[in-house]
Structures are given as structure tokens and as C-alpha cells.
There are 2 protein chains.
Amino acid sequence: MLTAEPELPITPDDLARRRELKLIALQGIPEVELGSDLPRLLTAAVEHNGLRLESDDVVVIAQKIVSKSEGRSVRLATVKPSPRALELARIADKDPRLVELMLSESREVLRAKTGVLILEHRLGFVMANAGIDQSNVPGSDGEEIALLLPSDPDESARRIRAGLRSACGCDVGVVINDSFGRAWRNGVTGVAIGVAGIPALVDLRGSTDREGRMLRVTQVAAADELAAAASLVMGQADEGTPAVLARGFPYARRESAARELVRPHAEDLFR
Amino acid sequence: MLTAEPELPITPDDLARRRELKLIALQGIPEVELGSDLPRLLTAAVEHNGLRLESDDVVVIAQKIVSKSEGRSVRLATVKPSPRALELARIADKDPRLVELMLSESREVLRAKTGVLILEHRLGFVMANAGIDQSNVPGSDGEEIALLLPSDPDESARRIRAGLRSACGCDVGVVINDSFGRAWRNGVTGVAIGVAGIPALVDLRGSTDREGRMLRVTQVAAADELAAAASLVMGQADEGTPAVLARGFPYARRESAARELVRPHAEDLFR
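Residues numbered from 1 in each chain as written. Chains lettered and ligands numbered in written order. Predicted model: local features only at pLDDT ≥ 70, side-chain atom pairs only at ≥ 80, totals over all residues. Heavy atoms only, no water.

Quick notes on the sheet that holds strand β6 (residues 126–128) of chain B
All names here are of chain B. If you trace the three strands from one edge of the open sheet to the other, you get β4-β5-β6, paired in antiparallel fashion. For this open sheet the edge positions go to β4 (106–113) and β6, each flanked by a neighbour on one side alone. Averaged over all adjacent pairs, the angle separating strand axes in this sheet is 25 degrees, with direction ignored. Strand direction decides the pairing type here: β4 and strand β5 (residues 116–121), joined by six bridges, are antiparallel. Directly across from lysine 113, in β5, lies its bridge partner valine 116. Set on the sheet, helix α4 (residues 83–92) makes contact with β4 and β5; between it and β4 the angle comes to about 35 degrees. (Pairing = 2+ DSSP bridges. Helix = DSSP H or I, 4+ residues; strand = E, 2+ residues; numbered from the N terminus. Axes fitted to C-alpha atoms, helices over the stretch in contact; angles between N-to-C directions. Contact = heavy atoms within 4.5 Å.)

Overview of helix α6 (residues 153–168) of chain B
Residue and element names in this part refer to chain B. A rise of 1.5 Å per residue sets the reference length of α6, with its 16 residues, at 22 Å; its end C-alpha atoms lie 22 Å apart and thus fit the reference within 8%. Every buried residue of α6 is accounted for by Pro153, Asp154, Ser156, Ala157, Ile160, Arg161 and Leu164. What you see down the axis of α6 is that its buried residues fit within an arc of 155 degrees, all on one side. Buried residues belonging to α6 abut α2 (38–48), β2 (58–62), α3 (63–69), β8 (173–180) and β9 (189–196). Glycine 169 sits one or two positions beyond α6 and adopts a positive phi of about 70 degrees. (Expected span 1.5 Å × (residues − 1). Buried < 20%, exposed > 50% of the residue type's maximum accessible area, 1.4 Å probe, protein only. Arc of directions from axis to C-beta.)

So, the sheet that holds strand β5 (residues 116–121) of chain A
Residues and elements named next belong to chain A. Taken in spatial order, the three strands make up an open sheet running β4-β5-β6, and their pairing is antiparallel. Both outer strands of the open sheet, β4 (106–113) and β6 (126–128), are each paired with one neighbouring strand and no more. Taken over all neighbouring pairs, the strand axes of this sheet differ in orientation by 25 degrees on average, direction set aside. Strands β4 and β5 of the sheet are contacted by helix α4 (residues 83–92), whose axis makes an angle of about 35 degrees with β4. Helix α5 (residues 96–104) contacts β4 and β5 of the sheet and is inclined by roughly 135 degrees relative to β4.

A word on empty space enclosed by the protein
Where empty space is left becomes clear once a probe the size of a water molecule has been rolled over the atoms. Scanning all chains against the criterion turns up three cavities of 30 Å³ or more. Taken as a whole, the largest cavity encloses approximately 380 Å³ of empty space. Surrounding the largest cavity, 27 residues form its lining, A:Arg182, A:Thr189, B:Gly181, B:Arg182 and B:Thr189 being those nearest its centre. Taken together, the elements giving at least two residues each to the lining of the largest cavity come down to β9 (189–196) and α7 (222–234) of chain A together with β9 and α7 (222–234) of chain B. For the lining of the largest cavity, a count of residues per class yields 14 nonpolar, seven polar and six charged. (1 Å grid on protein atoms, 1.4 Å probe; cavity = no way out; pocket = protein on both sides within 12 Å on 5 of 7 lines; lining within 4 Å. Points joined across faces, edges and corners; volume = space filled by probe spheres on them. Nonpolar A, V, L, I, M, F, W, Y, C, P; charged D, E, K, R; others polar.)

Side note on the confidence of the model for chain A
Residues and elements named next belong to chain A. Per-residue confidence for chain A averages 89 on the pLDDT scale, and 85% of its residues sit at or above 70. Below pLDDT 50 for its whole length, residues 1–8 participates in two contacts with residues either more than four positions away or in separate chains. Across the whole predicted complex the pTM is 0.92, and at the interface the ipTM reaches 0.91. (pLDDT = per-residue confidence, 0-100.)

Considerations on the pattern of salt bridges
All names here are of chain A. For the structure on display, the rule yields 52 salt bridges over all chains. When the shortest N-O distance is used, the salt bridge between glutamate 54 and arginine 247 registers 3.7 Å. Taken together, the residues span a long stretch of sequence, with glutamate 54 in the loop between α2 (38–48) and β2 (58–62) and arginine 247 in strand β12 (residues 243–247) at a distance of 193 residues. Taking relative accessible area as the criterion, glutamate 54 reaches 41% and is therefore assigned partly exposed. On the basis of relative accessibility, which here comes to 22%, the residue arginine 247 falls in the partly exposed class. The shortest N-O distance in the salt bridge between glutamate 70 and arginine 159 comes to 2.8 Å. Of the two residues, glutamate 70 is situated in the loop between α3 (63–69) and β3 (73–75) and arginine 159 in helix α6 (residues 153–168); the sequence distance between them amounts to 89 residues. Classification of glutamate 70 by relative accessible area gives partly exposed; the value is 22%. It is possible to trace a salt-bridge network through shared partners that takes in Asp56, Arg161, Arg165, Asp171, Arg253 and Glu255. (Salt bridge = Lys/Arg side-chain N within 4 Å of Asp/Glu carboxyl O.)

As for the state of the cysteines
Residue and element names in this part refer to chain A. Within the structure shown, the criterion is met by two disulfides over all chains. Here cysteine 168 is linked by a disulfide to cysteine 170, with a sulfur-sulfur distance of 2.3 Å. When the S-S torsion is -100 degrees, as for the bridge of cysteine 168 with cysteine 170, the disulfide is left-handed. We classify cysteine 168 as partly exposed; its relative accessible area is 25%. (Disulfide = S-S within 2.5 Å.)

Some thoughts on the pairing of β8(B)
Residue and element names in this part refer to chain B. When you tally the buried positions in β8, you get seven out of eight residues, the bulk of the element. Relative to β9, β8 runs antiparallel, the two sharing seven bridges. Across the sheet, residue phenylalanine 180 finds its bridge partner in β9, namely threonine 189.

Focus: the pairing of strand β1 (residues 20–25) of chain B
Where strand β1 (residues 20–25) of chain A lies against β1(B), five bridges are found, and the strand directions are antiparallel. Note that in β1(B) the partner of A:Leu21 across the bridge is B:Leu23. Relative to strand β12 (residues 243–247) of chain B, β1(B) is paired through four bridges, and the arrangement is antiparallel. Of the residues in β12(B), the one forming a bridge with B:Ala25 is B:Val244.

Considerations on the nonpolar core
Considering soluble globular proteins, one finds that nonpolar side chains tend to be buried as a cluster. If you look at the biggest cluster of nonpolar residues, it comprises 62 residues, and the most contacted ones within it are A:Leu23, A:Val175, A:Leu226, B:Leu23, B:Val175 and B:Leu226. Those residues in contact with B:Leu23 that lie beyond four places of it in its chain are A:Arg19, A:Glu20, A:Leu21, A:Leu23, B:Leu226, B:Ala229, B:Ala230, B:Val233, B:Val244, B:Leu245 and B:Ala246. (Core = buried A, V, L, I, M, F, W, Y, C linked by side-chain atoms within 4.5 Å.)

Let's talk about the environment of A:Arg75
Residues and elements named next belong to chain A. Within the secondary structure, arginine 75 is located in strand β3. For arginine 75, a relative accessible area of 47% corresponds to the partly exposed category. Sequence-wise, arginine 75 and alanine 146 are 71 residues apart; in three dimensions their C-alpha atoms are separated by 6.6 Å. When residues no more than four places from it in sequence are discounted, the contact partners of arginine 75 are Glu143, Glu144 and Ile145.

Here's what the structure looks like:
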């Protein structure tokens, strides 16, 4: 049929080339404990959701369950706050035992005021409360428990990736995410604290735009963008899901680490 | 069949409840110019990609094409740098005419050093270069053009949303995104600078976790997480796509604005 303004017909080729990212919350992951085999739980959850892992999928995992599986919970009753923790706890209006743990996990206190404690974590991340979380960690008989970040989340991501490769025979990427606040924007967003098998940063140096001009923005924090996307479907609170299957990550894969995302001190203008 | 460890069978109900977010890069959007009808171009692109807009879809649009359609490009030859712009341009090693535009779009200079100019944009966003972009903006006969942010991106988002409602008869959300750097992390990520029809912030105050403990993290920057997800599939450089269809945004919709994402001065600890 001839028309004045011919429609651009969509061809099977167009559809095949369609750039699409799909993020699926993995339901049915049981409560994770010290020693839980995360690759096995994740593989089972993928199947439970009617899917199969494929090479180039990326599994995004909430920090909380990685920390739990690695036994990073601490009984608050066992923590003795130092004088410095007591002083900071008073300023920030926080539990001194939690503050003691935060200090033990940190290199530097950047800011302290009522309700707010911004620290540089020993891994280099600038974040509130050194990532220590008191919510959603069960203690038997009401005992108070705090949960620290994994000792080495990049190593955790590599180990989980290797486990998934054994379990499914395919090469997936792994991102461990957490929620960070931002200096000048309200609300938290998901960020990558552990990365294996996908680029944390994508370097566009040398790329040109449509007019052939050199691009000025040279690096995209691709793993953080994926962590944020996954955080959106993980949700929060009661009905939260601690892992997400991402299919369609668009950048070329390479060995990498979340460490790449930490800005070096020498380039930090806001300390 | 009976087995020692019964598999959890997946039911059609499980699949229906499956929380899934899909992000589709909308191919086939032509070069946008002053006066381009974005709702019409977006609707055509959705159809070109073999899809139909549905209520509760969210269309994420790159700032660049919104600015172009609103005539926010400036010929650099017409810009006369002030003494202050000349001084800052010398410090930051940037084109003084661009710096003049940056200052005219800003309220405050936060940091200036070689290659870096961090400003508070008149809309309240703390960002590099006041969001002014010199790449990918065509000037006839090689003339140099800079592109400013839309005058009021929340208003742009509302207008595009209304246009899409007229075009498709459905109520979609709209996010206008841009790429921002972060104070302590390398690389840029997509953030929302204009929002209509979805919550910019999701307030979890009053929510409890699985153990019934009150959640401490109270606000999620959901529109920023979606902007980052979309940025990932938009890509950059030559083969970049300036709009993304997001299907499956998981939070309850409400009227909102990107303005909610700007942290008030009184709460800013890092100026």
C-alpha cells in the first residue's frame, strides 16, 4: 500500500538488534545464614523463576545476603565502645556500640552531626555509617545484631561468579550492590560495592560523537548504573528480593573490580 | 514424582507476580531540532520498535534532545566572556565563552581546578559545567554550538507526558535524564533532572523490615535509579539512543518532580 508518509517497517533484523535490558527480581531465596551456598541458592532461584542462567547474564546480589553468608554479623552485646566512639555517638545520636563498629571498619570520619555519620570505609567507599546495617538481621531471642560489609566484596563477587560457573556451566557477571546516599541529592540509590566479570567503569576516551567531536565525558560507571537498576526491582522492606537477574548488559565484558569506582584521594575535591 | 527435596514448582501465578523491569532503547529517532514534536517522535519510535505505549510505562528521554527541541542551543560566537569567566576559564582550562554560559546558568561555583568546574545550577543541581554540553550539537558550517539544560525540565517532562497522553491515550510517566559525576566515585551515572507522573523519591518511613524493625533508610531516589538504568541502555557516542521505554517501574505512581531530589542547602554537608 502506498501512503504519503511511508511508515518505517520493523524487520526481524531490527528486532534482533533491539537493545534491551531486562531485570528480573529472583523470588524464593530463603533466609541466608553463615555458610549458605549462594551460587546454589541463586541457581535454584533462577530456576524457580522459570529461567536458566545464560552466559553474559549478570546476577546482582544485595550486600546483605553476601555479608550474612560470610558471617559478617556481630552481636552488639560483645562490642565495647572506645572513648572516641562514645563521643561520636553523642554527636551523631547513634548507638555507641554501632559507632565503635563503624570506626573499626573505617579509615576516616568525614562528617558527623545529629543522625549523620559519613565515613571513609576501609575499602575506600565514602558512605554513611560505614555500610553497617542494623535492620533485617535476625538475632535469636531478640539479641541485637549488626551486619558489616563483606571483608572483600570484589573477592566475594569473583567467588560467587566461579560458583555460578560451576553450577550452570556459563560465564555470568556478578555485582554486589548496596544503597548509598549522595552529597547533594536526596534519597539513596543502588551502587556496586563488588564486581566480577563486567566492567565497573567503561572508558569512552577516544570515542567520538555523531559530529565526530571527541567526547568529553570519558568514563561511565556502568556497574553503578546496573546496581541502581537492580536496586529498583529488588525493592525494600517486607517484600524485598535480595537478588536480580540482569539480561542484556550492553557493554563489552572484561575482568574488573568495584575498586575502580573509588575516586583516589588526590582527585577528591569534597573531603 | 516424590523426591527427598521437592522442587518448588513455578505456577502461572508466580510468573504473573514476577517483578520485572524491562528497558528498551528506542531506535530510529531522527535528529531533533528546535520545535521538533517530541511526543510525536517518541510515539513513532515506540511503534518502529514493534511496541505500543501502555499506561504505567515510563519514557526516559536524554536531556540533549529535550534541550534541542526547546531551542536551548547557543552560538558560542555570540558569547562575550566577563572578567570572572575569563579568570575561571584560566583556572579550569576551559573555553571562556563556555564558562560564561556556565556562570549564567549557575548560582554558585563550588570548585574550580584544571579540567574541573563544579557549579550549583540555577535549578539546584550540583554538577560539572552546569550541564552545558558541547558535544553532539550540530552547527551549520562548523559553527560552534553549546547546549544548555532545558529552562524547566520538570515542566518539560509534564508537557511531554501530556503530549504522549494525547498521542496514545495512555498515562505514562516521563523522566528526563542526564549524566552526572559523583563526589567520591569515578565515572558518571544517569540521574533524573525532570520527572512527571512517577515518584522522584519513594518514602519508606514507617515501613518495617522482615523482623518488624523500623527501616532506617527512609527515602529511595527511584527516579534516579530509573534514569541510571535507562542511561545504561541509551549508551553513549555514535550508536547512542536518546530515549528508552521502561516497562515495569515497581513503585506506586504519584505526581512528583525532580526538584524533590535536590538536597536543601541547610542539609548540605559538603559545600
